[in-house]
Amino acid sequence: MSGIAGIIDSRGVAYPLYYALHALQHRGQEAAGISTFDGQAFFMHKGPGQLSEVFCEEILGRLAGNVGVGQVLYTQKAHRGRIENIQPLNFTFKNHKLSVTVSAALINRETLRSEYEGKGHIFSTTTNAELIAAMIAHELISGVSAEEAFVNTMLRLSGAYAGVAILDGILYAFRDPLGTKPLCFGKTGFGHVVVSESVALDILSAVFEADVCPGELLTITQGGVTHRQVLESDHKAYCVFEYVYIARPDSVIDGVLVYDARRKIGACLAKNPPKADLVSPVPDSGIAFATGYASESGIPYIEGLLKNRYVGRTFIMPAQNLRENAVRMKMNPVRRHVTGKSVILVDDSIVRGTTSLRIVDMVKDFGADEVHLRIGSPPIVAPCYFGVDLPTRDELIAAGLDLESIREKIHATSLKYVSTEDLVASIGIPAEDLCMACSGGTFPLDIKNECSCCCRHISPAGQ
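Heads up: these notes are all about the structure in this document. (Residues numbered from 1 in each chain as written. Predicted model: local features only at pLDDT ≥ 70, side-chain atom pairs only at ≥ 80, totals over all residues. Heavy atoms only, no water.)

1. Description of the overall build of the protein chain
Looking only at helices and strands, the protein chain has 16 helices and 25 strands in total. Here the C-alpha atoms of the protein chain give a radius of gyration of 22 Å, agreeing with the 23 Å that 2.2 N^0.38 yields for 463 residues. Burial analysis of the protein chain (463 residues in total) assigns 59% to the buried set. Intrachain contacts of the protein chain at a sequence separation of at least 6 include 68% that bridge at least 24 residues. With the model as given, the accessible surface of the protein chain reaches about 18100 Å², and the carbon-plus-sulfur share is 51%. For the protein chain, the distance from the average site of its 43 positive side-chain charges to the average site of its 50 negative ones is 4 Å. (Helix = DSSP H or I, 4+ residues; strand = E, 2+ residues; numbered from the N terminus. Rg over C-alpha atoms; globule rule 2.2 N^0.38 Å. Buried < 20%, exposed > 50% of the residue type's maximum accessible area, 1.4 Å probe, protein only. Contact = heavy atoms within 4.5 Å. Areas by Shrake-Rupley, 256 points an atom, 1.4 Å probe, with all protein chains shown as cover. Lys, Arg positive; Asp, Glu negative; His and termini not counted. Charge placed at Lys NZ, Arg CZ, Asp CG, Glu CD.)

2. As for the state of the cysteines
On inspection of all chains with the given rule, the structure shows 0 disulfides. Free cysteine Cys-438: the closest other cysteine sulfur is in Cys-384, separated by 6.8 Å. (Disulfide = S-S within 2.5 Å.)

3. Comments concerning the sheet that holds strand β6 (residues 96–106)
An order of β5-β6-β7-β8-β12-β13 is seen for the 6 strands of this open sheet, with the pairing classed as antiparallel. Edge positions in the open sheet fall to β5 (89–93) and β13 (224–229), since each of these has one partner strand only. Direction aside, neighbouring strands of the sheet carry axes that sit 20 degrees apart on average. Where strand β7 (residues 159–167) lies against strand β8 (residues 170–175), 6 bridges are found, and the strand directions are antiparallel. (Pairing = 2+ DSSP bridges. Axes fitted to C-alpha atoms, helices over the stretch in contact; angles between N-to-C directions.)

4. Here's the deal with the side chain of Gln-71
Inspection of the secondary structure puts Gln-71 in strand β4 (residues 67–73). Residue Gln-71 is classed as buried on the basis of its relative accessible area, which comes to 0%. One polar contact links Gln-71 to Thr-101, side chain to side chain, over a distance of 3.2 Å. Engagement of the side chain of Gln-71 in a polar contact is seen with the backbone oxygen of Val-102, the distance being 2.7 Å. (Polar contact = N/O pair within 3.5 Å; in protein donor to acceptor, adjacent residues only side chain to side chain.)

Have a look at this one:
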């Protein structure tokens, strides 16, 4: 889920990287880091916390150079709280200078790590970034060119990844062959920008050029961008959760405006609506869904919940007790809007169910007669192995309960999820090119003890 950015700009990159990462803050709130290169040396600053807590004007002023990479970090539970895992990671070896930051979930990471430990590499973090850096370094030491070092590394990675790196002053960007992790690039009057979401291009007034193609490697200098297709797959596996929850609604992910997809999903949810007085989003991620629902159903859109903008996402808070306590801090019902009313609440997803229960109870406590819950994703019944930090099946409420049991457990008057067919139609990408494993589909790669899809064939480009 982490947000990454890479920029090459003749005017300097510290402030552009800060602004780009600020637009991506929703993708990770645990830590932030920026590394820049001035042609001779790296300058880096990183630390735990949100971007504004880690950086100030004085620090940004010390990050010299015309090329840089940065990240806002979200890590999965097993690797959380390790300061050494904050990216970017910088390395100097054999007259090479390398800085790497990735958002990656590699299913063959343990095999690769063991292999490179056997070759003498010593790891100081548990990150995929360090593993990828070790692989690139090993290729360079063996005598191949810089581009071939990245190509040979990509050929061996299995999983979901998007990354940016600086090697000896040149910016590189790469994306997994299934396209599971988003990555796009654009151009300014002074250079080029690679970011996780197009909204970060908007904040820099950069012109969107294209999404980085799945399996593609970009080599970027001040003079331009070179494209190389490294890997190809007959089907993609774009993460459906990007369109439902992760991405900002004003981003365009692989040709789809996220807001439009969510609005269409909301309209699909409005088939046969209950008799109600208002449609209210669960802010903020439910807003686009609720506007589509209200428009389709004719029921007035009225905010029954208002959000405290200074509290972050509860889903990506690192501990369950923090998520639960944050619900009341995060939002408050508008008493006069909900008292004595039948309320339709529209949200993006139900994961554990604890947050939904607290929200429904809170609205009822403020006097609502009925609370009908409508959800913009199908039931989540399986964990994710590709970077979305969904819990185990034992923690997923839909993994062991039917619809009526879930409704009873979260105290809703009625409950409806969007169907898989309506979800696919709303996004506008064929089902075979979406990863929907979390809602009961097959996994796009071979996962031990999971049902995996055998129809995707990944191969080096041209084969």
